[in-house]
Amino acid sequence: EFVSEIKGLDEIEEILKRELHYKRVIIVPGDLDEDPNVKSELGRAAAKYVAGILRKGDIIALTGGSTIRDFVDSFPKKDEYGDLTIVPARGSMGKDIEIQSNTLVASLAEKLGASYRLLNVPDNMSERTLEAVLEESEIREVVSTIKKANVIILGIGRADVMAKRRGLGPEDINNLITLGARGEAFGTYFARNGKIVKKAAAVGLSIDDSLKVKDLVAVSGGTSKGDAIAAVRFAGENAVLVTDEGAAREIIKAL
Ligand code: F6P
């Protein structure tokens, strides 16, 4: 471990790029578990990267979560993005309105003077309910816009934390942990080396859609999330990871 301690961030970016299969990795110094300023820095780094890749007419899908909230908060207020459309990647869940994707979508769109669409359905429905909901023409129309997203900005969480936040019972959480679940993204739970152990049925984008978009930007940091970030893998050639030093050093250990 001494060796990884002395590695510079540039070097770690290269290792993570290669090992986790990202086209680019951006690491901000520090550990957001220890220092809340690092969380804002992470949001700022992600916002800066995304501002550089947006093109006229892009449809941008956001997931929820506190990290994506920081990304939205850090995004520079500009009106040159008027022809963008912002959409939530999936439905919403839980009671914490401030970090729900719909809320983040509206707030980013307002900052940019962009158009936006909201998806007013829960994220954790049964297959049967899901089918019924998709028969509603208004929802179908929003979902078809979401499916056309060509940029996705998403958070990555710990499997245990996210299972709780998604309201799974103790038995289901235990099952996930027994299956080796470590990381969660898009409602999909990953065990080591990107092995998918559970995919939640949902309206909107799934891990499979992530392959097709122009840009997929994952934003997640903190030592406590290193293990989770190391487990999640995106199979496409389009994924970028924006993380912090705390997570990055932990990921190296988890590899
Ligand atoms: O619930 C949306 C989501 O993006 C999850 O897929 C992810 O695991 C989580 O939020 C990350 O949340 P936070 O940034 O608050 O840790």
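Residues numbered from 1 in each chain as written. Predicted model: local features only at pLDDT ≥ 70, side-chain atom pairs only at ≥ 80, totals over all residues. Heavy atoms only, no water.

**So, the confidence of the model for the protein chain**
Stage number 1. Of the residues in the protein chain, 97% reach a pLDDT of 70 or more, and the chain-wide mean stands at 92.
Stage number 2. Confidence metrics for the complex model read pTM 0.95 and ipTM 0.98. (pLDDT = per-residue confidence, 0-100.)

**As for the site of the ligand**
Stage number 1. The ligand sits among 16 residues. The nearest are S66, T67, G157, E184 and K225.
Stage number 2. A distance of 3.0 Å separates an oxygen atom of the ligand from a polar atom in the backbone of G64.
Stage number 3. In this structure, an oxygen atom belonging to the ligand sits 2.8 Å away from a main-chain N or O atom of G157.
Stage number 4. For the ligand, whose free accessible area comes to 400 Å², the fraction covered by protein is 93%.
Stage number 5. Listing elements by their share of the shell around the ligand, those giving two or more residues are α4 (66-74), α8 (159-165) and β7 (183-185).
Stage number 6. Broken down by class, the residue content of the shell around the ligand amounts to five nonpolar, seven polar and four charged. (Near = heavy atom within 4 Å. Polar contact = N/O pair within 3.5 Å; in protein donor to acceptor, adjacent residues only side chain to side chain. Areas by Shrake-Rupley, 256 points an atom, 1.4 Å probe, with all protein chains shown as cover. Helix = DSSP H or I, 4+ residues; strand = E, 2+ residues; numbered from the N terminus. Nonpolar A, V, L, I, M, F, W, Y, C, P; charged D, E, K, R; others polar.)

**Regarding the packing of aromatic side chains**
Stage number 1. This structure, assessed with the given rule, holds three aromatic pairs.
Stage number 2. Seen in terms of ring centroids, Y22 and F234 are 6.2 Å apart; in terms of plane orientation they differ by 70°. Their pairing is edge-to-face. Placement of Y22 in the loop between α2 (9-20) and β1 (24-28) and of F234 in the loop between α10 (226-231) and β11 (239-244) is noted, with a sequence separation of 212 residues between them. This pair shows no difference in class: Y22 is buried, exactly as F234 is.
Stage number 3. Arranged with centres 5.9 Å apart and planes meeting at 70°, the rings of F75 and Y81 form a pair that is edge-to-face.
Stage number 4. For F75, a relative accessible area of 3% corresponds to the buried category.
Stage number 5. Among the aromatic side chains, those forming a connected cluster through ring pairs are F71, F75 and Y81. (Phe/Tyr/Trp six-rings, centres within 6.5 Å; stacked < 30°, edge-to-face > 60°. Buried < 20%, exposed > 50% of the residue type's maximum accessible area, 1.4 Å probe, protein only.)

**Focus on the sheet that holds strand β9 (residues 195-199)**
Stage number 1. Spatial ordering of the open sheet is given by β6-β7-β8-β9, a layout of four strands whose pairing is antiparallel. The two strands at the open ends of the sheet, each matched to only one other strand, are β6 (157-158) and β9.
Stage number 2. With two bridges joining them, β6 and β7 adopt antiparallel strand pairing. Bridging from a neighbouring strand, G157 pairs with E184 of β7. (Pairing = 2+ DSSP bridges.)

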